[in-house]
Amino acid sequence: MQQEAHTIIQTLKSKGLRVTPQRFAVYANLLSRCDHPTVETILADLNKDFPVSSQATIYSSLQALREVGLVREVLLEEGVCRYDANVEPHHHFYCSRCGAIEDIPWETFHCIDVNNIGQGIHCESYEVIVRGWCDGQRGHLCPKA
C-alpha cells in the first residue's frame, strides 16, 4: 500500500499537479476500480467512513486529473458522465439491461479505417461503444482485482 501511495504521489507530481489529499483520494479510488463511476459514486465511496469531501471538491479534482491526461470522461448514457483512470486507448461495452460497463481492448476493432470517412474530415480520435446485453455470467470482474 505504501508503494502504491508513493507511485500515485509521483504520478501526480510528474504531471505538474499539487498533491492534495482530495486529488490523491480521487485518483487512488479510480485506479482501484474498473466500473467507470460517476462523481456521485466516487463521493459516496470516499465519504463512506468519514465525510471529508464535497461534490464540488470531487469535480475539481477530476477536472485537474482530466486536464493532465490521468483520467478520461466516458459518456455512455445521455446526461451521465463517468470517469476512467485507464487512459490507454480502448473501447467500451455497455449493458443496457444491468448497466455494466466493460473495457474492450483497442485491437478488437482492428479493421476500422478513419482515413476514408469523407473529404474534408480529419479524425483526431475515435472510440467504439458497443451496446447490448450481457449474459449476467461474467461477473464484471476487474482485471486489477
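Here, every reference points to the structure presented above.
Quick notes on the rules
- Residues numbered from 1 in each chain as written.
- Predicted model: local features only at pLDDT ≥ 70, side-chain atom pairs only at ≥ 80, totals over all residues.
- Heavy atoms only, no water.
- Pairing = 2+ DSSP bridges.
- Helix = DSSP H or I, 4+ residues; strand = E, 2+ residues; numbered from the N terminus.
- Axes fitted to C-alpha atoms, helices over the stretch in contact; angles between N-to-C directions.
- Buried < 20%, exposed > 50% of the residue type's maximum accessible area, 1.4 Å probe, protein only.
- Arc of directions from axis to C-beta.
- Polar contact = N/O pair within 3.5 Å; in protein donor to acceptor, adjacent residues only side chain to side chain.
- Contact = heavy atoms within 4.5 Å.
- Disulfide = S-S within 2.5 Å.
- Salt bridge = Lys/Arg side-chain N within 4 Å of Asp/Glu carboxyl O.
- Core = buried A, V, L, I, M, F, W, Y, C linked by side-chain atoms within 4.5 Å.

Visitor: Pulling in residues and values, what's your account of the sheet that holds strand β4 (residues 101–105)?
Guide: A sheet is described by the order of its strands in space; here 3 strands give the open sequence β4-β3-β5, paired in mixed fashion. Strands at the two margins of the open sheet, each flanked by one partner only, are β4 and β5 (129–132). The sheet shows a mean angle of 25° between the axes of neighbouring strands, direction not considered. One ladder, built from 5 bridges, connects strand β3 (residues 90–95) with β4; its direction is antiparallel. Across the sheet, Tyr94 pairs through a bridge with Ile101, a residue of β4.

Visitor: So what's going on with helix α3 (residues 39–46)? Which residues, and what values?
Guide: Listing the buried residues of α3 in full gives Val39, Ile42 and Leu43. Down the axis, α3 shows its buried residues gathered within 100° of arc, on one side only.

Visitor: Residue-level account of the side chain of His90, with values.
Guide: Looking at the element boundaries, His90 is found in strand β3. In terms of polar contacts, His90 uses its side chain to reach the backbone carbonyl oxygen of Glu88, at 2.7 Å. For His90, the contacting residues outside a window of four places in its chain are Arg72, Asp84, Asp103, Ile104, Trp106 and Glu127.

Visitor: Got a sec to walk through the state of the cysteines? Specific residues and values, please.
Guide: This structure, assessed with the given rule, holds 0 disulfides. We note that Cys81 lacks a disulfide partner, and the nearest cysteine sulfur, in Cys34, lies 18 Å from it. Since its relative accessible area comes to 23%, Cys81 is described here as partly exposed.

Visitor: Please set out the pattern of salt bridges residue by residue, giving values where relevant.
Guide: What the rule picks out here adds up to 6 salt bridges. Across the pair Arg33 and Asp35 runs a salt bridge whose closest N-O atoms are separated by 2.7 Å. Judged by relative accessible area, Arg33 falls into the buried class, the value being 16%. Each of the salt bridges in this network shares a partner with another, and the network as a whole consists of Arg33, Asp35, Asp45 and Lys48.

Visitor: Provide a residue-level description of the pairing of strand β2 (residues 80–84), including the pertinent values.
Guide: Both strand β1 (residues 72–77) and β2 contribute to a ladder of 4 bridges, which runs antiparallel. The residue of β2 that forms the bridge with Arg72 is Asp84. Linkage of β1 to β2, two consecutive antiparallel strands, is achieved through a turn of 2 residues, within which Gly79 is found at a positive phi near 80°.

Visitor: Any chance you could break down the environment of Ile112 for me, citing the residues and the numbers?
Guide: If you trace the backbone, Ile112 turns up in the loop between β4 and β5. Aside from chain neighbours lying at most four places away, what touches Ile112 is Tyr126 and Val128.

Visitor: Summarise the nonpolar core; cite the residues concerned and give the values.
Guide: Core analysis: the biggest nonpolar cluster contains 17 residues, and Tyr27, Leu30, Leu62 and Leu65 have the highest contact counts within it. For this core, the secondary structure elements donating two or more residues are α1 (2–14), α2 (21–31), α3 and α4 (55–67). It is α4 that contributes the most residues to this core, 4 residues altogether. Filtering out sequence-adjacent residues up to four positions away, Leu65 remains in contact with Leu12, Leu17, Arg23, Val26, Tyr27, Leu70 and Val71.

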